Amino acid sequence: MEEYRPQLLVVDDELGMREGIRRIFTLEGYDVTVAENGTEGLEKGAAKEFDVALIDLKMPDIDGLTVLRQLKEVYPDTEYMMITAFAGIDTAVEATRHGAYTYIPKPFTPDQIVFEVNRALGKRRLTLETRELRAEQRRRLLEISQEKSRLRTIINAVSDALFVTNLEDEIVLANPQTRALFEFPASIAAGDRISDLLPPEVIALIREAQEKAPHGIELISHEWEMKPNLELFVNMKTAPVRDPAGDIIGFVTTIQDVTQLKRLDAQKSQFVSMVAHELKAPVAAVSGYLETMNSRVLGDDVGSYERMIVRSGERLQALIDLVNDLLNISRRELGTVRREIAAVRVEEVVESTRELLHGEMEKRGIAWKAEFDDALPTIDIDRDEFSRVLTNLVSNAIKYNREKGSIAVRAKREDGVVSIAIRDRGIGMKPEDRELLFRQFYRIKNDETRAIPGTGLGLSIVKQIVESYHGNITVESTWGEGSTFTLRLPIRFTGEG
Ligand code: ADP
């Protein structure tokens, strides 16, 4: 790298002096710029930053003091030295008050001036270093504060509650999720103690981490039911924070809300136990019939054998229905149901549902009526799913009807949807049951329904399908008079819900 040449400005109206100084300092390795009067001095001195400026105090146009003052305003860190005749010493002293570094009385020897200027240059270097340091410091501070705000942004973006404690058990950092979870007062300050802010369960976790971290255990985690009955369940983790030397300087704790997972877990277990129960009943019944028939207690009573065989067949059919419903639910949950969305005519699917269930209706003497708005639009739906929904609802309307009852289907266009109401004149239901109908395995139990076979899954499947099209299903019913299930399905498909 080319060596840096100190920049020297000489402002002097005396040619001999100017050129003399130029010669001396060029030999000394300076880069010398000369100006022959005050005006030129101001001009050249303001054009760039010099390390040292030598200014003659007495010049014909603008005096040295004025030049000093003006240049000082532009470049305050340049070292200004005044050259003065002996008679001008007073002014030179005044110049130092205006920020000149020093003054050199004329006449002087080359050694003297070299000595003085070098000294000024030394001071100038110190000034520059300080200036550089300060700039560096400012940059660092800026970086740190940017780093901090970046860190804060990241921490705040974490959906878990996250906070950091130091070895004095003070909270030094906490994201808003932490504040919300533990209902911290609005202004928690760094230095607030964990014992005042956190519940004992969390403190115990941090204590455990404090004990175990020195032995190399880096992560402590516990589950905690913060609010009973699966209202709030959290997973807490604490890990030590170490400095670059590896010493522990604090602990970071995260608290994740796992309520939803826990609920799903509980639902799954409940589902499995319900399924097991539902599967067991028909299997046990058929097994009982077989045992009875095998034990020959029936002797020659052929009629009894026949009845048991028929009952076994019915129970097995119910079992097959159940298994089919379960398969359908699991396919739906696994997302392996393949859909073909197309414009489907409601009239056509209602009619084919009637045909499918015609035999059942005839057996019970149930009258059927279907009415459609003129110019009913088609709906975007998978035909098989739509058909499954209608079959479930109409089949219920038959099952829970009375002998010689009736079913009326009415399809209308409403705002963006087609509504299809399926009304029966059957047994109806009580208000408290209406809420629960759509749950898996829910069956209303009373004298009227006891003998009617079913899985309790049909309506839950219907609801799931309807909602996946952003539609809905509602029920109105009067106990002893009948029920009306109303489907509302969007005309246009807008993506799976
Ligand atoms: P199921 O296989 O028992 O019919 P669903 O899920 O289809 O299962 O229906 C759940 C329960 O809702 C039924 O057990 C029945 O008690 C009641 N239910 C459904 N449809 C009707 C209806 N049209 N009238 C009266 N009760 C009904």
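Look a little higher up for the structure.
Remember, it's a predicted structure, so these values are computed and weren't measured experimentally.

**Student:** Which residues make up the nonpolar core, and what values do they have?
**Tutor:** Judged by nonpolar contacts, the single largest core of 46 residues is most densely connected at Val346, Phe386, Leu393, Ile420, Phe485 and Leu487. Per element, the largest residue contribution to this core is seven residues, and it comes from helix α12 (residues 383–399). Summarising the domain contributions, this core has at least three residues from each of domain 3 (260–333) and domain 4 (338–497). Excluding residues within four positions of it along the chain, Phe386 makes contact with Val344, Val346, Val349, Ile379, Ile381, Ile420 and Leu489. The next biggest cluster of nonpolar side chains, apart from the first, holds 23 residues, and it includes Ala213, Leu232, Ile248 and Ile255.

**Student:** I'd like a rundown of the sheet that holds strand β15 (residues 406–414), residues and numbers included.
**Tutor:** Pairing in this open sheet of five strands is mixed, and the strands run β13-β15-β16-β18-β17 from one edge to the other. The open sheet terminates on both sides in strands that have one partner only, identified here as β13 (367–372) and β17 (472–478). Taken over all neighbouring pairs, the strand axes of this sheet differ in orientation by 15 degrees on average, direction set aside. Relative to strand β18 (residues 482–490), strand β16 (residues 417–424) runs antiparallel, the two sharing seven bridges. The residue of β18 that forms the bridge with Ala421 is Thr486.

**Student:** Please provide a residue-by-residue account of the layout of surface pockets, values included.
**Tutor:** The space that makes up the second largest pocket amounts to roughly 470 Å³. What lines the second largest pocket is simply Leu264, Gln267, Lys268, Gln270, Phe271, Met274, Glu333, Arg439, Gln440, Phe441 and Tyr442. Of the residues in the lining of the second largest pocket, the class split is five nonpolar, three polar and three charged. Built from parts of two domains, the lining of the second largest pocket gets at least three residues from each of domain 3 (260–333) and domain 4 (338–497).

**Student:** Could you give me a rundown of the pairing of strand β11 (residues 248–257), with the residues and numbers involved?
**Tutor:** Here six bridges tie strand β6 (residues 161–166) to β11, and the two strands are oriented antiparallel to one another. Bridge assignment links Asn166 to a residue of β11, and that residue is Gly250. Pairing between strand β10 (residues 232–242) and β11: nine bridges, direction antiparallel. Bridge assignment links Val234 to a residue of β11, and that residue is Asp257. Hairpin connection from β10 to β11: five residues lie between these consecutive antiparallel strands, with Gly246 at a positive phi of about 95 degrees.

Reading the values: rules and limits
- Residues numbered from 1 in each chain as written.
- Predicted model: local features only at pLDDT ≥ 70, side-chain atom pairs only at ≥ 80, totals over all residues.
- Heavy atoms only, no water.
- Core = buried A, V, L, I, M, F, W, Y, C linked by side-chain atoms within 4.5 Å.
- Buried < 20%, exposed > 50% of the residue type's maximum accessible area, 1.4 Å probe, protein only.
- Helix = DSSP H or I, 4+ residues; strand = E, 2+ residues; numbered from the N terminus.
- Domains from an automatic or database assignment.
- Contact = heavy atoms within 4.5 Å.
- Pairing = 2+ DSSP bridges.
- Axes fitted to C-alpha atoms, helices over the stretch in contact; angles between N-to-C directions.
- 1 Å grid on protein atoms, 1.4 Å probe; cavity = no way out; pocket = protein on both sides within 12 Å on 5 of 7 lines; lining within 4 Å.
- Points joined across faces, edges and corners; volume = space filled by probe spheres on them.
- Nonpolar A, V, L, I, M, F, W, Y, C, P; charged D, E, K, R; others polar.

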